[in-house]
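Architecture at a glance
Now for the letters of each chain:
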Amino acid sequence: MQIAKLYGPEDIRVTDEEKPPLEPGTIRIDVAYTGVCGSDVHEYKIGPVPIRAEDSNHNIPEQEWDEYLPKNMGHEITGTVVDVADNVEDIDVGNQVALNILLSCGECRYCQEGKPQLCTAYDGTAVGSPGFAEDIVVPAVAGIPIPENVPLRHAALTEPLSVSVHAVRRSEMRLGDDIAVFGAGPIGLGIVDAAVAAGANRIFVSEPREARRKIASDLGADLVVDPREDHPTSRFREETNGGVDVAFEAAGISETFTQSMRSTKYGGTVVVVSVFEDDASIHPNDIMQAERTVKGSFGYVDEFPTTLQMMSDGRLNPEKYVTGEVPLDDVDDAFQRLLEPESDDVKILVKP
């Protein structure tokens, strides 16, 4: 079968490999679509990145890359079950599934505390599985059934939309709250979509790319600004008499971190959802003197079924984010398109 792996910055190669064997407790998936995630693009740009590295600079030194490369890529996966191990009972051949690849160990401190998204089994390099491939074998528990009226093309966005739904839940946003979203990539747009469904009052978005601003408006954002032309913090505070209730940082740069902080009201909440390439600077007084709360939001817990149901009943709109589809042989082109500063692309799907 064909499979794409990362060999270094801007070096992703499609090669032929033997299909992986079916093992006890696993299922074989004929991959229909795999979405290119922002974290995939992040690693494609700079090399392998650790998930949690509190004792380092959050980068893997180039001299240590041999431990991590070549690296499997692609974790926003959907497809059809074509084989099941003898001891698998709940999934049948022919079932269409979206894959939850954040499988927790069930034994570490965080799993025991009911926080599987913080499982120490995720330590290492940023989330990756061999989704850019024709065939994948995964534990049967990873296969989440897709509602009949949700196309495989849409179900490929279950993973990123679950990240967005989880972020909105983490924020504890209340019905009627005003929110701001900094960065309208797939996760930021998903937050807009989920916040509309959750009953946000007004939604403000800061995004420099025109195509993404349009999608944010189409999804229900009330005010969308280009931060190169209109200062978002001042504008959002002016529109809300002092600041939004909740701000989501989904751009991953120092400036937007500060802007998201200062766009919230006193006592407001900031949720950081993005992956940062560099350090970010804030003034601690922005937290202390305004009694703001800053939260991180990583992955998802049990949001997959909820997200699929929200797609099924129309509360989420995955087709609006899909701006391209490429065959596996052209996976490098998809990454290059997403790296273009003025690209109109948001979510590109790879179809083996």
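Described in the following lines is the structure provided in the data block. Along each chain, residue indices are assigned from 1 in the same order as the chain's sequence is written. At least 70 in pLDDT is required for a residue's local features to be given in this predicted model, at least 80 for side-chain atom pairs to be given and counted, and no such filter applies to totals for whole chains, interfaces and linings, which use all residues. Note that water and hydrogens are dropped before the side-chain values are worked out from all heavy atoms of the structure.

1. Notes on helix H7 (residues 232-239)
What counts, and what does not: For every residue, the accessible area (1.4 Å probe, protein chains only) is compared with the maximum for its type, and the residue is labelled buried under 20%, exposed over 50%, or partly exposed between those bounds. Every helix listed is a DSSP run of H or I at least four residues long, and every strand listed is a run of E at least two residues long, numbered separately from the N terminus. The directions from the helix axis to the C-beta atoms form the arc being described. In what follows, a contact means two residues having at least one pair of non-hydrogen atoms within 4.5 Å.
Considered for burial, the residues of H7 that qualify are Pro232, Thr233 and Phe236. Summarising the axial view, the buried residues of H7 lie within an arc of 95 degrees, below the 170-degree limit, and thus occupy one face. In this structure, the buried side of H7 is in contact with strand E9 (179-182), strand E10 (203-206), strand E11 (223-225) and helix H8 (254-262). Just beyond H7, the residue with positive phi is Asn241, at close to 60 degrees.

2. Thoughts on the packing of helix H4 (residues 158-171) against helix H5 (residues 186-198)
Worth spelling out the cut-off: Lines fitted to C-alpha atoms define the axes here, with helix axes fitted over just the stretch in contact, and angles between the N-to-C directions of these axes take values from 0 to 180 degrees. Here the angle decides the label: under 35 degrees means roughly parallel, over 145 means roughly antiparallel, 65 to 115 means roughly perpendicular, and every other value means oblique. Helix crossings fall into two classes, left-handed where the near helix is turned counterclockwise from the far one by less than a right angle and right-handed where it is turned clockwise.
It is the contact of H4 with H5, at a shortest axis distance of 8 Å, that shows an interaxial angle of 55 degrees. Regarding the angle of H4 to H5, the classification is oblique. In terms of crossing hand, the pair formed by H4 and H5 is right-handed. Only Pro186, Ile187, Gly190, Ile191, Ala194, Ala195 and Ala198 of H5 make contact with H4, whose side of the interface consists of Pro160, Leu161, Val163, Ser164, Val165, Ala167 and Val168.

3. Digging into H5
Note the following rule: Every helix has an expected span of 1.5 Å times one less than the residues it contains.
For H5, which comprises 13 residues, the first-to-last C-alpha distance of 18 Å matches the rise-based estimate of 18 Å (1.5 Å per residue) to within 8%. For H5, the complete set of buried residues consists of Pro186, Gly188, Leu189, Gly190, Ile191, Val192, Asp193, Ala194 and Ala195. Residues of H5 that are buried in the fold lie against H4, E9, E10, helix H6 (210-219), strand E12 (244-249) and strand E16 (347-351).

4. What to know about a negative patch on the surface
Keep this limit in mind: Like charges within 9 Å and nonpolar side chains (Val, Leu, Ile, Met, Phe, Trp, Tyr) within 5 Å are joined into patches, using only residues over 30% in relative accessible area that form no salt bridge. Calculation of accessible area relied on Shrake-Rupley with a 1.4 Å probe; when residues are assessed, cover is drawn exclusively from the protein chains displayed. The working definition used for a salt bridge is a side-chain nitrogen of Lys or Arg within 4 Å of a carboxyl oxygen of Asp or Glu. Under the counting rule used here, the positive set is Lys and Arg, the negative set is Asp and Glu, and His together with the chain ends is not counted. Where a charge lies is defined by one atom per residue type, namely NZ (Lys), CZ (Arg), CG (Asp) and CD (Glu).
A cluster of acidic side chains, namely Asp16, Asp30, Glu134, Asp329 and Asp330, defines a negative patch on the protein surface. The topology assignment puts Asp30 in strand E3 (residues 26-35). For Asp30, a relative accessible area of 41% gives the class partly exposed.

5. So, the environment of Gln112
Turning to its location among the elements, Gln112 is positioned in helix H2 (residues 109-112). Gln112 sits in the exposed class, given a relative accessible area of 58%. Once you skip the residues sitting within four places of it in the chain, Gln112 turns out to touch Gly106 and Glu107.

6. A word on the pairing of strand E6 (residues 96-99)
What counts is decided by this rule: Note on pairing: DSSP must find at least two bridges between two strands before they are called paired.
Relative to E6, strand E5 (residues 76-84) runs antiparallel, the two sharing three bridges. Its bridge partner lying in E6, Gly79 is registered against Val97. One ladder, built from three bridges, connects E6 with strand E8 (residues 143-145); its direction is antiparallel. Looking across to E8, one finds that Leu99 is bridged to Gly143.

7. As for the sheet that holds strand E2 (residues 11-16)
Pairing within the open sheet is antiparallel, and its three strands lie in the order E2-E1-E4. Here the strands that pair on one side only, and so sit at the sheet edges, are E2 and strand E4 (71-72). Here strand E1 (residues 2-8) runs beside E2; their pairing, made up of six bridges, is antiparallel. Looking at E2, one finds that Gln2 is bridged to Asp16. Most of the contacts of helix H1 (residues 38-46) go to E1, to which it runs at about 50 degrees, and overall it touches E1, E2 and E4.

8. Considerations on the pairing of E16
As a reminder of what qualifies: Handedness of a crossover is defined as follows: orient the strands so they point away from the viewer, and if the path from the first strand over the helix to the second runs clockwise, the crossover is right-handed.
Among the five residues that make up E16, four are buried, leaving the element largely enclosed by the rest of the structure. In terms of strand pairing, E3 meets E16 through two bridges, oriented antiparallel. Note on E16: the bridge partner recorded for Gly35 is Leu349. Sheet topology note: the strand E15 (residues 322-327)/E16 ladder contains five bridges and is parallel. Within the sheet, the bridge partner assigned to Gly324 lies in E16 and is Ile348. You can see the chain leave E15, run along helix H11 (residues 331-339) and come back into E16, and the turn it takes is right-handed.

9. What about the pattern of salt bridges?
Evaluated as defined, the whole model comprises 25 salt bridges. Between Glu17 and Lys5 there is a salt bridge, with the nearest N and O atoms lying 3.1 Å from each other. One end of the pair, Glu17, is in the loop between E2 and E3; the other, Lys5, is in strand E1, with twelve residues separating them in the sequence. When its relative accessible area of 31% is taken as the criterion, Glu17 is described as partly exposed. In this structure, Lys265 and Asp245 form a salt bridge, with 2.7 Å as the shortest nitrogen-oxygen distance. Linking Lys265 in strand E13 (residues 264-272) with Asp245 in strand E12, this pair joins segments that are 20 residues apart in sequence. Look at Lys265 and you get partly exposed, because its relative accessible area is 30%. Taking the relative accessible area as the measure of exposure, Asp245 reaches 16% and is therefore buried. Ionic contacts of the salt-bridge type, sharing partners, join the residues Arg213, Asp226, Arg228 and Glu342 into one network.

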